[in-house]
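Residues per chain, in single letters:
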Amino acid sequence: MARLTDKLNDALVRAAKPSDKQTKLADGGGLYLLLHPNGGKYWRMDYRMGTKRGTLAFGVYPDVSLKDARRRRDEVRRQVVDGIDPAAAKQAEKLAKTDSFEALAREWHTKHSRKISDNYAGKILSRLEADIFPWLGKRPVKEIQAPDLLAALHRIEKRGAHETAHRVRSNCGQIFRYAIATGRAERDPSADLRGALTPVKHKSMATIIDPKDVGALLRAIGSYSGAFATRCALQLAPLTFVRPGELRYA
């Protein structure tokens, strides 16, 4: 195996003869460039932990330069000296990214949004992107504690959006429970925040309670001569007492 130098391109030219076998260009310390017959050039590094041998992939040349490959090699050698298995450390880092709160929340949202309207799904994601991801998004979901979530919710309350804070807490609870179900968390910290947020004051909506007025309303509905679908909806509403959106989808 030829030894790599900073004049890597010259070395590659010399090694680029037609061949049906893989060729290794070594750089020392376990690092080498693996040349495939199809022209691919892949950085690899062999290492040993006790009696265990392993190989790491650093990427494709020239996307990963010789300088970057050497830097990664040196990092791996330091890990080996410290008794850390580089392959296990790399897997743990990859898993941590997958199990970040934002990654898990988006995974949950993709599955959950199939059951609800696009408009409602968009509102949930917008709230998370604006009020939760900037503070907790990159953190591993299993490391988030109740005080961490409460601090993010208090930021929402400070701008007077108390109802939004409650809704976000509910959404976060759904995400944490999804994390528990998929084996990526052990508990739901949002459950510890019951009573920790400012209660929402609900206002009574205007309504007709006088029987005479109700009768007048029903007669007005009966004499409505507008669009057929609207007329049907108005006539069904007093019989079903559902929300307008539910009636419209029905």
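The paragraphs below set out a description of the structure included in this document. (Residues numbered from 1 in each chain as written. Predicted model: local features only at pLDDT ≥ 70, side-chain atom pairs only at ≥ 80, totals over all residues. Heavy atoms only, no water.)

**A short note on the side chain of asparagine 171**
Relative to the elements of secondary structure, asparagine 171 occurs in helix H8 (residues 162-181). Those residues in contact with asparagine 171 that lie beyond four places of it in its chain are Ile124 and Arg127. (Helix = DSSP H or I, 4+ residues; strand = E, 2+ residues; numbered from the N terminus. Contact = heavy atoms within 4.5 Å.)

**Side note on unusual backbone geometry**
Looking along the chain, the bond that leaves tyrosine 61 and enters proline 62 is cis, with omega of 10°. Considering the arrangement of structural elements, one finds proline 62 in the loop between strand S4 (52-60) and helix H2 (66-81). Positive phi outside glycine occurs at phenylalanine 241, with the angle close to 55°. Its location among the elements puts phenylalanine 241 in the loop between helix H10 (228-240) and helix H11 (244-249). Residue phenylalanine 241 is classed as exposed on the basis of its relative accessible area, which comes to 72%. (Buried < 20%, exposed > 50% of the residue type's maximum accessible area, 1.4 Å probe, protein only.)

**Focus: the layout of surface pockets**
Taken as a whole, the largest pocket holds about 520 Å³ of empty space. Those elements that provide at least two residues to the lining of the largest pocket are helix H5 (118-131), H8 and H11. Grouping the constituent residues of the lining of the largest pocket by class yields two nonpolar, six polar and six charged. For the second largest pocket, the calculated volume is near 430 Å³. In this structure, the second largest pocket is lined by 14 residues; those nearest its centre are Leu217, Ile221, Ala237, Pro238 and Phe241. Secondary-structure elements contributing two or more residues to the lining of the second largest pocket are helix H9 (211-222), H10 and H11. The element best represented in the lining of the second largest pocket is H9, accounting for four residues. Here the lining of the second largest pocket is built from residues that sort into 12 nonpolar, one polar and one charged. (1 Å grid on protein atoms, 1.4 Å probe; cavity = no way out; pocket = protein on both sides within 12 Å on 5 of 7 lines; lining within 4 Å. Points joined across faces, edges and corners; volume = space filled by probe spheres on them. Nonpolar A, V, L, I, M, F, W, Y, C, P; charged D, E, K, R; others polar.)

**Some details on H8**
Over its 20 residues, H8 runs 29 Å from end to end, which matches the ideal 28 Å to within 8%, given 1.5 Å per residue. Looking only at H8, the buried set comprises Ala165, Val168, Arg169, Asn171, Cys172, Gly173, Ile175, Phe176, Tyr178 and Ala179. Its buried side turned inward, H8 meets helix H4 (101-112), H5 and helix H7 (146-158). One or two residues past the end of H8 sits glycine 183, with phi positive at roughly 75°. (Expected span 1.5 Å × (residues − 1).)

**Here's the deal with the nonpolar core**
Phe101, Ile132, Leu149 and Cys172 are the most contacted members of the largest nonpolar core, which has 29 residues in total. Counting residues per element, the ones that place at least two in this core are H4, H5, helix H6 (133-136), H7 and H8. Looking at this core, the element that brings in the most residues is H8, giving seven residues. With residues near it in sequence (within four places) discarded, isoleucine 132 still touches Phe101, Arg127, Gly137, Leu149, Ala152, Val168 and Cys172. Leu31, Leu56, Phe58 and Leu66 belong to the second largest nonpolar core, which has 14 residues in total. (Core = buried A, V, L, I, M, F, W, Y, C linked by side-chain atoms within 4.5 Å.)

**Focus on the side chain of arginine 184**
Topologically, arginine 184 is positioned in the loop between H8 and H9. Since its relative accessible area comes to 13%, arginine 184 is described here as buried. There is a polar contact of 2.7 Å between the side chain of arginine 184 and the side chain of glutamate 107. With sequence-adjacent residues up to four places away left out, arginine 184 is seen in contact with Thr98, Asp99, Leu104, Glu107, Val141, Lys142, Tyr178 and Ala179. (Polar contact = N/O pair within 3.5 Å; in protein donor to acceptor, adjacent residues only side chain to side chain.)

**Things to note about the sheet that holds strand S3 (residues 41-49)**
Two modes of strand pairing occur in sheets, parallel and antiparallel, and in both the strands are linked by backbone hydrogen bonds. Across the sheet, four strands lie side by side as S1-S2-S3-S4; this open sheet has antiparallel pairing. A single partner strand is all that each edge strand has here, and the edge strands are strand S1 (23-28) and S4. The average undirected angle you get between the axes of adjacent strands in this sheet is 25°. Across five bridges, the pairing between strand S2 (residues 31-35) and S3 is antiparallel. From the neighbouring strand, leucine 35 faces S3, where its bridge partner is lysine 41. Of the strands in this sheet, S1, S2, S3 and S4 touch H2, which is tilted by about 15° from S3. (Pairing = 2+ DSSP bridges. Axes fitted to C-alpha atoms, helices over the stretch in contact; angles between N-to-C directions.)

**A few points about the packing of aromatic side chains**
A full pass over the atoms with the stated rule returns two aromatic pairs. Where phenylalanine 101 meets phenylalanine 176, the ring centres are 5.4 Å apart and the plane angle is 50°; that geometry is what we call tilted. Taken together, the residues phenylalanine 101 in helix H4 and phenylalanine 176 in helix H8 connect sequence positions 75 residues apart. Residue phenylalanine 101 shares its accessibility class with phenylalanine 176, and that shared class is buried. Residue placement shows arginine 155 over the ring face of tryptophan 135; its charged tip is 3.9 Å from the ring centre. Looking at arginine 248, its charged tip hangs above the ring of tyrosine 249, at a distance of 4.8 Å from the centre. (Phe/Tyr/Trp six-rings, centres within 6.5 Å; stacked < 30°, edge-to-face > 60°. Lys NZ or Arg CZ within 6 Å of the ring centre and 35° of its normal.)

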